[in-house]
Amino acid sequence: MKLKELVEYIGGSVVCCEECLDREVECAFASDLMSDVLTVKSDKLLLITGLANIQAVRTAEMSDLQAIVFVRNKRVSEDMIRLAQENCIVLIEYPGTMFRVSGLLYSLGVKPVY
Amino acid sequence: MHFEFKVQGGDFVRAGNASSQVKKILKQLNVDSSVIKRIVVALYEGEVNIAAHAFNGVIYVDIDTERIIIKLDDNGPGIPDINLAMQPGYSTASPIVREMGFGAGMGLPNIKDNSDDFKITSEVGKGTCLEILVNLKVNQEGV
């Protein structure tokens, strides 16, 4: 499904790269450990994390991720936005928990990676 | 083509810059995106390892039409037991490194997993050297 549809369903706030919201997402991975994220080989992947720092965006860049949903009301910084814009990675802030947004996305049809 | 990148220990703001540069170069060379992903994930893990564990290091990258060879050479504490360090889940990362989202003990195994050839040598008190080879052609994976 398209990122736009997904963002509207969960009620997230798009922080940057709105022009990339027509991208397709097939599966999601929820983790605060970037070491684990880097082992995921799936394409069209969305990351759900509570780790709001530059390395979360770097990890998304290296893993060709479509978007990151930052949970638990974590705020995205300016340097994260700059790096995301360079690589067209959609950053989304979400006030609820990782469990809640994972449940919402699962009910919408987003698949787990394994 | 030959490139060199310096990496400073403890600098998690810049950690990943070299990997990002290499990714841009490989894209310009029209390397298959699945191969680029394997290369930059392995390189990024190695770059973060230098930032996390070493005082400093240099990344040497050599690219020809068939393959990329990456050497990550650091000055640092070294690894006393390489077999143990290669076990998934084993980590000596500091709390600061873990706060950055790393230190799950998946780095070295993941580098090996994404490489077509991988070598690691280390000397306690001097440093660690990783050598990563990845074939650039999709049908050469795993050869």
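Summary of the structure given here. The structure presented is a predicted model; accordingly, all values stated were derived computationally and were not measured.

This part covers the pattern of salt bridges. Under the counting rule described, the total for this entry stands at 12 salt bridges over all chains. The shortest N-O distance in the salt bridge between Lys4(A) and Glu8(A) comes to 3.0 Å. Linking Lys4(A) with Glu8(A), this pair stays in helix α1 (residues 3-10), spanning four residues, or about one helical turn. Look at Lys4(A) and you get partly exposed, because its relative accessible area is 47%. For the salt bridge of Asp116(B) with Arg38(B), the shortest nitrogen-to-oxygen distance reads 3.0 Å. Residue Asp116(B) is located in the loop between α5 (107-114) and β4 (117-123), and its partner Arg38(B) is located in helix α2 (residues 33-53); the two are separated by 78 residues in the primary sequence. Comparing Asp116(B) with Arg38(B) shows no difference in burial state: the two are buried.

Residues and elements named next belong to chain A. Listed as buried for helix α4 (residues 78-87) are Met80, Ile81, Leu83 and Ala84. One side of α4 carries all its buried residues, which in axial view fall inside an arc of 165°. Among the exposed residues of α4, those oriented more than 90 degrees off its buried face are Glu78, Arg82 and Glu86. At the C-terminal side of α4, Cys88 shows a positive phi close to 50°.

Residue and element names in this part refer to chain A. Ordered in space as β1-β5-β4-β3-β2-β6, the six strands form an open sheet in which the pairing is mixed. The open sheet is flanked by β1 (13-16) and β6 (111-112), the only strands paired with a single partner. Relative to strand β4 (residues 67-70), strand β3 (residues 45-49) runs parallel, the two being bridged by four bridges. Of the residues in β4, the one forming a bridge with Leu47 is Ile68. Against the sheet, α1 contacts β1, β3, β4 and β5 (90-93), and its axis sits at roughly 10° relative to β5. Across the face of the sheet, α4 comes into contact with β1, β4 and β5 while running at roughly 80° to β1.

Thresholds, definitions, all that
- Residues numbered from 1 in each chain as written.
- Chains lettered and ligands numbered in written order.
- Predicted model: local features only at pLDDT ≥ 70, side-chain atom pairs only at ≥ 80, totals over all residues.
- Heavy atoms only, no water.
- Salt bridge = Lys/Arg side-chain N within 4 Å of Asp/Glu carboxyl O.
- Helix = DSSP H or I, 4+ residues; strand = E, 2+ residues; numbered from the N terminus.
- Buried < 20%, exposed > 50% of the residue type's maximum accessible area, 1.4 Å probe, protein only.
- Arc of directions from axis to C-beta.
- Pairing = 2+ DSSP bridges.
- Contact = heavy atoms within 4.5 Å.
- Axes fitted to C-alpha atoms, helices over the stretch in contact; angles between N-to-C directions.

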